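# Descriptive structure summary
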Amino acid sequence: MAYPIENKLVIGIASSALFDLSASHKIFLEEGEESYRKYQEAQHDVVLDKGVAFPFIRRFLSINQHFAGEAPVEVVLLSRNSPETGLRVMNSIAHYGLDISRACFVTGNSPYTYLPAFNTSLFLTAHEEDVRNALAANFPAGLVLPSRIEDDDNDNELRVAFDFDGVIADDESETVFKRNNNVDEFHAHERERVAVPHQPGPLAALFQKLSHMQRLEEQAQQRDPSYRKILRIAIITARSAPAHERVVTTLKSWGVSANETFFLGGMEKARVLSILKPHIFFDDQLSHLKSAGGNIPMVHVPFGVANRPSAP
């Protein structure tokens, strides 16, 4: 029997993150809702191009192919469209063979309020207001930023990269640093609280459930040494020693870990990202969401002190 949805790792995705909707969105902005509706209904059998999150979602769903008995992951479409205008999206999902069967169409409204109903550990969309509203309601969400789409069919690994502060963990330490932009003050605070785990950040549950997927893969490899793991998780943080210890303390207290952890001490994250080539990277600061080739799928998590307006 498959896992009930409350036990699954569920990602909610908007059509704006999964597919390239730039043409139809332009019609909506320039000609209005009625023209948009007519355009989408007329184009219902025209397959949409892949969007920024497509390579990530395709590989994420492939986890179920290796654990067919449990089917431990699921993707739910959460759309501002009506069922009629969303038909093109569903047809495109079928065309690409994506195993997405559950959907929520809210006809012009924001779907973020339904995230708890689907046990969602992440909501991805290109609609910034939806992301900010979701985070304000303590729901996990990220804003997909424009990037060049690369989806290598021969690359079956799923690489997911996270910032630490303000993403996996809360923004407590970032608040200390931002107070005076003082690294020494930040390090003193972290040394003092080295044994105190952080409170969870907005994507902590996602990180923890991905770690559970890794344990499933480890068990599969123990049963079958030829099994090739799908999932590879990285943490890429601007922290450096001695602030690294509290990261370890926090993850250990949660019973989770990453495959690779980078303490960069303020070095540009793009230097690591260009080698790791994650299929998705989450960070709370836009200044870190850059890559030389513009081909790393970036997600902004506008949470905490780093995203509050500066005092005049």
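Our structure is the block above this text.
About the criteria used
Residues numbered from 1 in each chain as written. Predicted model: local features only at pLDDT ≥ 70, side-chain atom pairs only at ≥ 80, totals over all residues. Heavy atoms only, no water. Core = buried A, V, L, I, M, F, W, Y, C linked by side-chain atoms within 4.5 Å. Buried < 20%, exposed > 50% of the residue type's maximum accessible area, 1.4 Å probe, protein only. Helix = DSSP H or I, 4+ residues; strand = E, 2+ residues; numbered from the N terminus. Contact = heavy atoms within 4.5 Å. Pairing = 2+ DSSP bridges. Axes fitted to C-alpha atoms, helices over the stretch in contact; angles between N-to-C directions. Phe/Tyr/Trp six-rings, centres within 6.5 Å; stacked < 30°, edge-to-face > 60°. Salt bridge = Lys/Arg side-chain N within 4 Å of Asp/Glu carboxyl O. Parallel < 35°, antiparallel > 145°, perpendicular 65-115°, else oblique. Left-handed = near helix turned anticlockwise from the far one by under 90°. Nonpolar A, V, L, I, M, F, W, Y, C, P; charged D, E, K, R; others polar.

### Regarding the nonpolar core
Looking at soluble globular proteins, one finds that nonpolar side chains tend to be buried together. Within the largest apolar cluster, 84 residues are counted, with the highest numbers of intra-cluster contacts made by Ile57, Leu124, Phe162 and Phe282. No other element matches the seven residues that helix α10 (residues 204-223) contributes to this core. Apart from the residues within four sequence positions on either side, Ile57 is in contact with Ile11, Ile13, Leu18, Val75 and Ile100.

### Observations concerning unusual backbone geometry
Looking along the chain, the bond that leaves Ala241 and enters Pro242 is cis, with omega of 5°. Within the secondary structure layout, Pro242 lies in the loop between β7 (231-237) and α11 (244-254). In this structure, Thr107 is a non-glycine residue whose phi angle is positive, near 50°. Among the secondary structure elements, Thr107 is positioned in the loop between β3 (103-105) and β4 (120-125).

### Considerations on the sheet that holds strand β2 (residues 73-79)
With mixed pairing, 10 strands are arranged side by side in an open sheet as β3-β2-β1-β4-β5-β10-β9-β6-β7-β8. Each edge of the open sheet is held by one strand with a lone partner, namely β3 and β8 (260-263). Across the sheet, the mean angle separating the axes of adjacent strands is 20° when strand polarity is ignored. Strand direction decides the pairing type here: β7 and β8, joined by four bridges, are parallel. Paired with Thr237 across the bridge in β8 is Phe263. The strands touched by α10 within the sheet are β1 (9-13), β2, β4, β6 (158-162), β7 and β9 (280-283), with β7 carrying the most contacts at an inclination of about 140°.

### Some thoughts on the packing of aromatic side chains
Applying the stated rule across the entire model yields 10 aromatic pairs. Judged by centre distance (6.0 Å) and plane angle (25°), the rings of Phe19 and Tyr96 are stacked. With a gap of 77 residues between them, Phe19 in the loop between α1 (15-18) and α2 (22-31) and Tyr96 in the loop between α6 (87-95) and β3 connect regions that are remote in the sequence. Looking at Phe19, the relative accessible area reads 1%, which means it is buried. For Tyr96, a relative accessible area of 26% gives the class partly exposed. Look at Tyr112 and Phe139: their rings are 6.4 Å apart centre to centre, the planes differ by 55°, and that puts the pair in the tilted class. Taken as a pair, Tyr112 in the loop between β3 and β4 and Phe139 in the loop between α7 (128-136) and β5 (141-144) lie far apart in primary sequence, 27 residues in all. On the accessibility criterion, Tyr112 (17% relative accessible area) is buried. One aromatic cluster is present, built from ring pairs that chain together Phe19, Phe54 and Tyr96.

### A few points about the environment of Leu273
Looking at where Leu273 falls in the secondary structure, it is placed in helix α12 (residues 270-276). Other than its neighbours up to four places away in sequence, Leu273 contacts Ile236, Pro278, Phe281, Lys290, Ile296 and Met298.

### Thoughts on the pattern of salt bridges
When charged atoms on two side chains of opposite charge get close, those side chains can pair. Applying the stated criterion across every chain yields a total of 24 salt bridges. Close ionic contact of Glu128 with Arg132 constitutes a salt bridge, the shortest N to O distance being 3.0 Å. Of this pair, Glu128 and Arg132 both sit in helix α7, separated by four residues, roughly a single helical turn. The class for Arg132 is partly exposed, based on a relative accessible area of 34%. With a shortest N-O distance of 3.0 Å, Arg246 and Glu172 are connected by a salt bridge. Note that Arg246 is positioned in helix α11 and Glu172 in helix α8 (residues 172-180), a separation of 74 residues in sequence. Overall, the relative accessible area of 1% leaves Arg246 in the buried class. Within this structure, Asp165, Glu172, Glu190, Arg193, Arg239 and Arg246 form a network of salt bridges that share partners.

### A short note on the packing of α2 against helix α3 (residues 33-42)
At a closest axis distance of 7 Å, the pairing of α2 and α3 adopts a crossing angle of 150°. The angle between α2 and α3 places the two elements in the roughly antiparallel class. Crossing hand, α2 versus α3: right-handed. On the side of α2, the interface is formed by Ala23, Ser24, Ile27, Phe28 and Glu31, while α3 contributes Glu33, Ser35, Tyr36, Tyr39 and Gln40. Class assignment of the residues belonging to the contact of α2 with α3 gives a composition of five nonpolar, three polar and two charged.

### Side note on the environment of Ala243
By the element assignment, Ala243 lies in the loop between β7 and α11. Here Ala243 falls in the buried class, since its relative accessible area comes to 0%. When the C-alpha atoms of Ala243 and Phe54 are compared, they prove to be 35 Å apart, with 189 residues separating the residues in sequence. If near-sequence neighbours (up to four positions away) are discounted, Ala243 is found in contact with Phe186, His187 and Glu190.

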